[in-house]
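Examining the three-dimensional arrangement
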Amino acid sequence: MFGYDEEKLIGSGSFGNVYRVKSKGEYYALKEMNDKAMRDREAAFLKLSDHPLFPKFIDSYDEGKFFILEEYIWGTPFDECIKRRGGFGQPECMRFAISIADGIAYLQQSDGNILFRDLKAENLILQPNGEIRLSDLGAACFLEEADRSIAGTAGSSAPEQFEKGSAQGMYSDVYAFGKLLYHMLTGSRAPKTDRSISLNSAGEGFSASLDLIIRQCTSPDPSLRIPDMYSVLQRLVDIATCTPRQYKKLEKNAKKLLKDSEASAAVTYSRNIQS
């Protein structure tokens, strides 16, 4: 069809089709898109996202339709992995969470401040080597453009992404990350609610420090969320690298905050980082 050694349709949607193709012994993902502007935007974001979390850009070209050739990521959709495992233990979950947060923070700090806008387990792939990767930047946009469009997945993305006139920001990806972290830890989708999400609804035995992060990521009020993914990444790294004694102190402090009925609003963050 396209002149590659092997070609297999592996996905389709309103944007077009995705094929796994083989050329000179190497496999690639080939996106056949109906809209040139959409193709050009996704290609531009792929070029800017030079980070291990994202697929590598190979080429783009036009032949009747509009194509992007990129690295093919082998592995299992992460939502399937979560379902099979019933959630991951804290050490594994922290490793995945830090990798994801680092990649999204990289986008947010890139030229133009890129918002991912569709962070969810279905867009992640767990590779055979245990590394986590993100496979689709189709909903991404620059920060200054975010308010002009509605994008994301209901139930995963931040509520302001679906409300015309509501400001989107770096805190929008933070909201989706909080829901994803809940999903990874518990094995269940985060509940639909107009309040911050808590691990309490999933049972006992979860880290109070991670519960606090999830609550502060998923506030319906953007001004009460952790403001950006770099700040989330710092919090996760602090938890992952502390000594047992320091961890006990973190847990004690988190439990005190969680006892407060206003825990999700305990910290009001500055928006200066987005200006």
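A separate point is the overall build of the chain. Tallying secondary structure elements over the chain gives seven helices and ten strands in all. Against the compact-globule benchmark of 19 Å for 275 residues, the chain has a radius of gyration of 19 Å, which places it among compact chains. On the principal axes, the C-alpha backbone points of the chain span a range of 60 × 40 × 30 Å. A buried classification covers 48% of the 275 residues belonging to the chain.

To continue, consider the sheet that holds strand 1 (residues 6-13). Pairing is antiparallel across the open sheet formed by five strands, whose spatial order is 1-2-3-5-4. The sheet is open, and its two borders are formed by strand 1 and strand 4 (57-63), each paired with just one other strand. Geometrically, the sheet is characterised by an average inter-axis angle of 20° between neighbouring strands, direction not taken into account. With eight bridges joining them, strand 2 (residues 16-23) and strand 3 (residues 26-33) adopt antiparallel strand pairing. The residue of strand 3 that forms the bridge with Asn 17 is Glu 32.

Turning our attention to the packing of aromatic side chains. The geometry of an aromatic ring pair is captured by the separation of the ring centres together with the interplanar angle, meaning the angle of the planes. Within the structure shown, the criterion is met by nine aromatic pairs. Geometrically, the ring pair formed by Tyr 27 and Trp 74 is edge-to-face, given 5.2 Å between the ring centres and 85° between the ring planes. One end of the pair, Tyr 27, is in strand 3; the other, Trp 74, is in the loop between strand 5 (65-71) and strand 6 (76-77), with 47 residues separating them in the sequence.

On the secondary structure map, Lys 22 appears in strand 2. Apart from residues no more than four positions distant in its own chain, Lys 22 is found in contact with Tyr 4, Asp 5, Glu 6 and Tyr 27.

Let us now look at a positive patch on the surface. A surface patch of positive charge is lined by Lys 252, Lys 255, Lys 256 and Lys 259. Tracing the chain through its elements places Lys 255 in helix 7 (residues 244-259).

A few words on the packing of helix 5 (residues 208-217) against helix 7. Here helix 5 crosses helix 7 at 45°, and the two axes come no closer than 8 Å. One element, helix 5, and the other, helix 7, form an angle in the oblique class. In this structure, helix 5 meets helix 7 at a crossing whose hand is left-handed. Contacts between helix 5 and helix 7 pair Ala 208, Ser 209, Asp 211, Leu 212 and Arg 215 from the former with Leu 250, Glu 251, Ala 254, Lys 255, Leu 257 and Leu 258 from the latter. For the contact of helix 5 with helix 7, the per-class residue count stands at six nonpolar, one polar and four charged.

We note that Asn 113 has phi near 55°; this positive angle belongs to a residue other than glycine. As for its placement among the helices and strands, Asn 113 is situated in the loop between helix 3 (90-108) and strand 7 (114-115). Positive phi values are uncommon outside glycine, yet Arg 117 reaches one of about 75°. By the element assignment, Arg 117 lies in the loop between strand 7 and strand 8 (124-126).

For the rest of this paragraph, the subject is helix 3. With 19 residues, helix 3 extends 26 Å from end C-alpha to end C-alpha; this agrees with the ideal 27 Å at 1.5 Å per step. When we look at burial in helix 3, the residues that qualify are Cys 93, Met 94, Phe 96, Ala 97, Ile 100, Ala 101, Gly 103, Ile 104, Ala 105, Leu 107 and Gln 108.

What follows deals with the pairing of strand 4. Here six bridges tie strand 4 to strand 5, and the two strands are oriented antiparallel to one another. Residue pairing across strands places Tyr 61 opposite Phe 67, the latter belonging to strand 5. Linkage of strand 4 to strand 5, two consecutive antiparallel strands, is achieved through a turn of one residue, within which Gly 64 is found at a positive phi near 80°.

Now for the layout of surface pockets. Considered as a void within the structure, the largest pocket measures approximately 570 Å³ in volume. If you go around the largest pocket, you meet 21 residues; those closest to its centre are Ile 10, Val 18, Tyr 72, Ile 125 and Ser 135. Listed by contribution, the elements that provide at least two residues to the lining of the largest pocket are strand 1, strand 3, strand 5 and strand 8. Per-element tally for the lining of the largest pocket: the top contributor is strand 1, with three residues. Of the residues belonging to the lining of the largest pocket, the class tally is eleven nonpolar, five polar and five charged. One number sums up the size of the second largest pocket: a volume of about 460 Å³. Taken together, 22 residues make up the lining of the second largest pocket; nearest its centre are Met 38, Leu 137, Gly 138, Ala 139 and Ala 140. Among the secondary structure elements, those contributing two or more residues to the lining of the second largest pocket are strand 3 and helix 1 (36-48). Counted by class, the lining of the second largest pocket contains eleven nonpolar, four polar and seven charged residues.

The end-to-end C-alpha separation of helix 7 is 23 Å, in line with the 22 Å expected for 16 residues at 1.5 Å each. Taken together, the buried positions of helix 7 are occupied by Glu 251, Ala 254 and Leu 258. The arc that holds every buried residue of helix 7, seen down its axis, measures 70°, which confines them to one face. Seen from the open side of helix 7, the exposed residues pointing more than 90 degrees away from its buried face are Arg 245, Lys 248, Lys 249, Lys 252, Lys 256 and Lys 259. Those residues of helix 7 that are buried lie in contact with helix 5.

Thresholds, definitions, all that
- Residues numbered from 1 in each chain as written.
- Predicted model: local features only at pLDDT ≥ 70, side-chain atom pairs only at ≥ 80, totals over all residues.
- Heavy atoms only, no water.
- Helix = DSSP H or I, 4+ residues; strand = E, 2+ residues; numbered from the N terminus.
- Rg over C-alpha atoms; globule rule 2.2 N^0.38 Å.
- Buried < 20%, exposed > 50% of the residue type's maximum accessible area, 1.4 Å probe, protein only.
- Pairing = 2+ DSSP bridges.
- Axes fitted to C-alpha atoms, helices over the stretch in contact; angles between N-to-C directions.
- Phe/Tyr/Trp six-rings, centres within 6.5 Å; stacked < 30°, edge-to-face > 60°.
- Contact = heavy atoms within 4.5 Å.
- Patch = residues over 30% accessible without salt bridge, like charges linked within 9 Å, V, L, I, M, F, W, Y side chains within 5 Å.
- Areas by Shrake-Rupley, 256 points an atom, 1.4 Å probe, with all protein chains shown as cover.
- Salt bridge = Lys/Arg side-chain N within 4 Å of Asp/Glu carboxyl O.
- Lys, Arg positive; Asp, Glu negative; His and termini not counted.
- Charge placed at Lys NZ, Arg CZ, Asp CG, Glu CD.
- Parallel < 35°, antiparallel > 145°, perpendicular 65-115°, else oblique.
- Left-handed = near helix turned anticlockwise from the far one by under 90°.
- Nonpolar A, V, L, I, M, F, W, Y, C, P; charged D, E, K, R; others polar.
- Expected span 1.5 Å × (residues − 1).
- 1 Å grid on protein atoms, 1.4 Å probe; cavity = no way out; pocket = protein on both sides within 12 Å on 5 of 7 lines; lining within 4 Å.
- Points joined across faces, edges and corners; volume = space filled by probe spheres on them.
- Arc of directions from axis to C-beta.

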